Amino acid sequence: PSIEDKVVRFHDKPRHQIFLEPEGRETEEVYVQGLSTSLPEHIQRKLLETIPGLEKAQLMRAGYAIEYDAIVPTQLWPTLETKLVKNLYTAGQINGTSGYEEAAGQGIMAGINAAHRALGREEIILSRSDAYIGVLIDDLVTKGTNEPYRLLTSRAEYRLLLRHDNADLRLTELGYRIGLISEERYQAFLAKKEAIEREKKRLQTVIIKPTPEVQEVIRQAGGSELKDGIRAADLLRRPEMTYEHIQKLAPADEDIAPEVAEQVEIQIKYEGYIQKSLQEVERLKKMENKKIPEDIDYDAIQGLATEARQKLKQVRPLSIAQASRISGVNPADISILLVYLEQGRIARVSNE
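Residues numbered from 1 in each chain as written. Predicted model: local features only at pLDDT ≥ 70, side-chain atom pairs only at ≥ 80, totals over all residues. Heavy atoms only, no water.

Things to note about the nonpolar core
Grouped together as the largest cluster of nonpolar side chains are 24 residues, with contacts concentrated most on Leu-203, Ile-208, Leu-226, Leu-235, Leu-249 and Val-264. Broken down by secondary-structure element, the contributors of at least two residues to this core are α6 (183–205), α7 (212–221), α8 (232–236), α9 (243–249) and α10 (258–269). Here Leu-226 is in contact with Ile-208, Lys-209, Pro-210, Val-214, Gln-215, Ile-218, Leu-235 and Arg-238, once residues within four sequence places are set aside. (Core = buried A, V, L, I, M, F, W, Y, C linked by side-chain atoms within 4.5 Å. Buried < 20%, exposed > 50% of the residue type's maximum accessible area, 1.4 Å probe, protein only. Helix = DSSP H or I, 4+ residues; strand = E, 2+ residues; numbered from the N terminus. Contact = heavy atoms within 4.5 Å.)

Points about the packing of aromatic side chains
Under the definition given, this model contains two aromatic pairs. Residues Tyr-176 and Tyr-186 carry aromatic rings whose centres are separated by 3.7 Å and whose planes lie at 5 degrees to one another, so their mutual orientation is stacked. Highlighted residues: Tyr-176 in helix α5 (residues 167–177) and Tyr-186 in helix α6, separated in sequence by 10 residues. Classification of Tyr-176 by relative accessible area gives partly exposed; the value is 28%. Overall, the relative accessible area of 10% leaves Tyr-186 in the buried class. Of the aromatic side chains, those joined through ring pairs into one cluster are Tyr-176, Tyr-186 and Phe-189. Above the plane of the ring of Trp-77 lies Lys-83, whose end atom (NZ or CZ) is 5.0 Å from the centre. (Phe/Tyr/Trp six-rings, centres within 6.5 Å; stacked < 30°, edge-to-face > 60°. Lys NZ or Arg CZ within 6 Å of the ring centre and 35° of its normal.)

Section: helix α4 (residues 132–143)
Look at α4: 16 Å from first C-alpha to last across 12 residues, which is about the 16 Å you get at 1.5 Å a residue. Taking burial as the measure, the 12 residues of α4 include nine buried ones, the bulk of the element. Here the buried face of α4 lies against α3 (100–119), α12 (306–315) and α13 (320–324). Within two residues after α4, Gly-144 carries a phi angle of roughly 75 degrees, on the positive side. (Expected span 1.5 Å × (residues − 1).)

Things to note about α12
When we look at burial in α12, the residues that qualify are Ala-308, Arg-309, Leu-312 and Val-315. The arc that holds every buried residue of α12, seen down its axis, measures 145 degrees, which confines them to one face. Opposite the packed face of α12, turned more than 90 degrees from it, sit the exposed residues Thr-306 and Gln-310. One or two residues past the end of α12 sits Arg-316, with phi positive at roughly 50 degrees. (Arc of directions from axis to C-beta.)

Some remarks on the packing of α5 against α6
Running from N to C, α5 and α6 point in directions that differ by 145 degrees, and their axes come no closer than 11 Å. In terms of crossing hand, the pair formed by α5 and α6 is left-handed. Residue-level contacts link Asp-168, Leu-169, Thr-172, Glu-173 and Tyr-176 of α5 to Glu-183, Tyr-186, Phe-189, Leu-190, Lys-192, Lys-193 and Ile-196 of α6. (Axes fitted to C-alpha atoms, helices over the stretch in contact; angles between N-to-C directions. Left-handed = near helix turned anticlockwise from the far one by under 90°.)

Here's the deal with the side chain of Gln-322
Within the secondary structure, Gln-322 sits in helix α13. A relative accessible area of 5% means that Gln-322 is categorised as buried. Within the structure, the side chain of Gln-322 is placed 3.1 Å from the side chain of Thr-142, a separation counted as a polar contact. Look past the residues within four positions of Gln-322 in its chain and what remains in contact with it is Pro-78, Asp-138, Val-141, Thr-142, Val-315 and Pro-317. (Polar contact = N/O pair within 3.5 Å; in protein donor to acceptor, adjacent residues only side chain to side chain.)

Topic: the environment of Ala-300
Following the sequence through the fold, Ala-300 ends up in the loop between α11 (271–288) and α12. What makes Ala-300 partly exposed here is its relative accessible area of 29%. Each residue touching Ala-300, except ones within four places of it in the same chain, is listed here: Tyr-340 and Ala-347.

A look at the environment of Pro-317
As for its placement among the helices and strands, Pro-317 is situated in the loop between α12 and α13. Excluding its chain neighbours within four sequence positions, the residues that come into contact with Pro-317 are Ile-292, Tyr-298, Leu-312, Gln-322, Ala-323 and Ile-326.

A closer look at unusual backbone geometry
A positive phi angle, near 70 degrees, is found at Asn-87, a position not held by glycine. Of note, Asn-87 is situated in the loop between α2 (41–49) and α3. With relative accessibility at 49%, the residue Asn-87 sits in the partly exposed group. A positive phi is found at Arg-316, a non-glycine position, where the angle reads about 50 degrees. Mapped onto the secondary structure, Arg-316 falls in the loop between α12 and α13. On the basis of relative accessibility, which here comes to 17%, the residue Arg-316 falls in the buried class.

This is the structure in structure tokens:
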């Protein structure tokens, strides 16, 4: 936000930190980071003079602001098609976001879905457990936003699964299926995936015995010595042990690529936590599979709270899972909606 916004929002703070960032080696220009503003130029000059050390600084170029309009993102389907205009897909700042990555993530999904609509193919929706793009789009179309939205890791409930190291394992299959991944890249991915499973299986079966050499490696790593033989995978689960240690104690017959070793270590070390997250994802998928017709008439459903009815009519969720994430829709409303859907007598809103 601009400095004038910060003064209003954080009026209880006695000070504000700024950074002086040189524009380059061959220039005397310095960018004042943290002092974004669109105040009149003469006020900007006076503002600079109040900063210790900048009393005699010259203002090379005045700060400025860009104002842009945005649509209400709850007026979008999860495919990024607008609910009001069929076949119109939007992405980026117009959807209420800020940032290059946010715009690029929406852009590729809007492009995929617009192309699939034109080709008569099934549209693609990434879930919150598939990718950060799924979190971004679901937040926008389900919750909306009152200020420019930035995607933070804290917004993702499955961030243990959404890691940078496993992006290819999560999304390459889908990319290949819809024609965005080349055959060569896909075959390389399959080879990596197979190598990971092969090495994990090996470490589950190899037994490391408490020989003097083994005990010395464990001691140097800061661990407690073995009393009996142990599976290599179980030894790797110890906090102080790394895949490199295991390779010393039970080397593989083949060369293990660094990216394969990284995945093997992560998947074995954090298996319990990962499995717990996957179980939560499975529970969510059951709710995602309970679809809600786009044209369902919420006014015909008896027992819904007034706020829930208003929010459901505004967002028009496509699944029970999405409905449960809407602010103002409580578990009792979800139960009523589930009963209504399971009865099968669904009233629909007229298109007229």
